[in-house]
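Structure at a glance
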Amino acid sequence: MEAEINQNNQTSAKLSSQTTRLLRCPICNSELDIGNEVYKCTNNECRAKFPWKRGIPILINESFSLFNLSDFIEERDTYFELSPKNKFSQLLQTLIPDISLNVKAKQNYQLLKTKLLSQVKSPKVLVIGGSISGEGIEAILKNSKIEFIETDVSFGPRTQLICDAHCLPFADKSLDGVIIQAVLEHVVDPFQCVREIYRVLKDDGIVYSETPFMQQVHGGCYDFTRFTYLGHRRLFRKFYEIDSGAVCGPGMALAWSYKYLLLSFTQSMLMRKIIDSFVRLTAFPFRFLDYLLIDKIGTLDAASAYYFMGKKSNTVLSDRELLNLYKGNF
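Here's a quick rundown of the structure.

Let's shift gears to the overall build of the chain. When its secondary structure is counted, the chain shows 11 helices and 11 strands. Taking 2.2 N^0.38 as the reference for a compact globule, 330 residues should give roughly 20 Å; the C-alpha atoms of the chain span a radius of gyration of 20 Å, in line with that estimate. When its C-alpha atoms are laid out on the principal axes, the chain stretches across 60 × 50 × 35 Å. Burial analysis of the chain (330 residues in total) assigns 50% to the buried set. Expressed as a percentage of contacts within the chain between residues at least 6 apart in sequence, the contacts between residues at least 24 apart total 73%.

Spelled out as structure tokens, the structure:
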């Protein structure tokens, strides 16, 4: 959910020594021999090597990723890079209202913080897609009792580790929580990524996810999947539900549709910028409807995006049970 990203330029700290000990080879899941310029797999049959760049480890399994190690060594463009903006563009973004509104994220992160700290004094939480801070996460990031491991497939101001969610380089049952906000639409196999999340979480570990439903393409070629409310729930069928629902409502969905309708008429970058500004000036009131609609039953059929918070479970939600969870108007 591109428009919901808060471009926080605060530089993240490096990985702690305790977290470093949890790292594993993304190819065979063996322990790593950690050097100053390279990580080496200790499995004699694997012997993979993983480099550093900008002081950040690059733990990518090239066989199961859209990216190669060389993409990061040579600093090629991957999905997301923070490009500097001129002062005029920054001023326009400040003065012109946005059409996006994440109604629930801040509240959800407060609940996540409460749940995590009720289970463990110093939880370790993996953030997938954490090169910049997501909408609403700022307050929980400042909590000194929680250690965040911020990872991404791009270098950013908060990136601590380069890794791919399809092959997470962490030991089994080693993490207390995982946050994956506005990411699963950008991976080629979201079910594999959720299997990896399940694997690295401890038995009482908690996941928090947000994914879009009624949103147009916003990641170029790195945009693959959308989920209904039930589709999102099924994705996390091996998790007990703590909370779920719409996080961005139908007002935002309407504003995005209006914007992309107008954008469809032109490929000119200048015209697209003019259209973007025009839509923001004329359509931003739609988002305020979401304060009224976000908890309405009908919103579950029309939301811009959904969230799910759940705890790792030993049972699997069956598809028949899934159907009984439908709460919409049909």
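Once that is clear, we can look at helix α9 (residues 269-283). Compared with an ideal rise of 1.5 Å per residue, which puts 15 residues at 21 Å, α9 spans 20 Å between its outermost C-alpha atoms and is within 8% of the ideal. Among all positions of α9, only I275, V279, R280 and A283 are buried. On an axial view of α9, the arc spanned by its buried residues comes to 130°, and they lie on one face. Opposite its buried face, α9 presents the exposed residues L270, K273 and L281, each directed more than 90 degrees away.

Quick look at a nonpolar patch on the surface now. A surface patch of nonpolar side chains, amounting to about 270 Å² of accessible area, comprises L66, V188 and F224. By the secondary structure assignment, F224 is in the loop between β9 (201-212) and α7 (229-235).

Between helix α8 (residues 250-263) and helix α10 (residues 285-293), whose axes approach to 6 Å, the crossing angle comes to 160°. Between α8 and α10, the angle is such that the two are roughly antiparallel. Contacts between α8 and α10 pair P250, G251, M252, L254 and A255 from the former with F286, R287, D290 and L293 from the latter. Here the residues of the contact of α8 with α10 are counted per class, giving six nonpolar, one polar and two charged.

This paragraph deals with the nonpolar core. Here is a general trend for soluble globular proteins: nonpolar side chains tend to be buried in one another's company. Within the largest apolar cluster, 45 residues are counted, with the highest numbers of intra-cluster contacts made by I128, L168, F170, I197 and F239. Secondary-structure elements contributing two or more residues to this core are β2 (38-41), β4 (56-59), α2 (69-73), β5 (124-128), β7 (161-163), β8 (175-181), α6 (190-200) and β9. Top contributing element to this core by residue count: α6, with five residues. By size, the runner-up hydrophobic cluster in this structure holds 27 residues, among which are L141, F148, L263 and V279.

End to end, α8 covers 20 Å across 14 residues, agreeing with the expected 20 Å (1.5 Å per residue, within 8%). Every buried residue belonging to α8 is among P250, G251, M252, A253, A255, W256, K259 and L263, and all of these are buried. Next to the buried residues of α8 lie β10 (239-248), α9 and α10.

The tally for this structure, following the rule as stated, stands at 14 aromatic pairs. These aromatic residues form a ring-pair network of at least three members: F67, F72, F155 and Y222. One cation-aromatic arrangement involves K238 over Y198; the distance from NZ or CZ to the ring centre is 4.3 Å. The aromatic ring of Y198 is capped on one face by K312, whose charged end is 4.6 Å from the ring centroid.

A word on the sheet that holds β8. With respect to topology, 11 strands assemble into an open sheet ordered β1-β2-β3-β4-β7-β6-β5-β8-β9-β11-β10, the strand pairing being mixed. Looking along the sheet, the strands with just one partner apiece sit at the ends: β1 (32-34) and β10. Ignoring strand direction, the axes of neighbouring strands in this sheet form an average angle of 20°. Here β5 runs beside β8; their pairing, made up of four bridges, is parallel. Note on β8: the bridge partner recorded for V125 is G177. Against the sheet, helix α4 (residues 105-119) touches β5, β8, β9, β10 and β11 (305-312), its axis set at about 175° to β9.

Reading the values: the criteria
- Residues numbered from 1 in each chain as written.
- Predicted model: local features only at pLDDT ≥ 70, side-chain atom pairs only at ≥ 80, totals over all residues.
- Heavy atoms only, no water.
- Helix = DSSP H or I, 4+ residues; strand = E, 2+ residues; numbered from the N terminus.
- Rg over C-alpha atoms; globule rule 2.2 N^0.38 Å.
- Buried < 20%, exposed > 50% of the residue type's maximum accessible area, 1.4 Å probe, protein only.
- Contact = heavy atoms within 4.5 Å.
- Expected span 1.5 Å × (residues − 1).
- Arc of directions from axis to C-beta.
- Patch = residues over 30% accessible without salt bridge, like charges linked within 9 Å, V, L, I, M, F, W, Y side chains within 5 Å.
- Areas by Shrake-Rupley, 256 points an atom, 1.4 Å probe, with all protein chains shown as cover.
- Salt bridge = Lys/Arg side-chain N within 4 Å of Asp/Glu carboxyl O.
- Axes fitted to C-alpha atoms, helices over the stretch in contact; angles between N-to-C directions.
- Parallel < 35°, antiparallel > 145°, perpendicular 65-115°, else oblique.
- Nonpolar A, V, L, I, M, F, W, Y, C, P; charged D, E, K, R; others polar.
- Core = buried A, V, L, I, M, F, W, Y, C linked by side-chain atoms within 4.5 Å.
- Phe/Tyr/Trp six-rings, centres within 6.5 Å; stacked < 30°, edge-to-face > 60°.
- Lys NZ or Arg CZ within 6 Å of the ring centre and 35° of its normal.
- Pairing = 2+ DSSP bridges.

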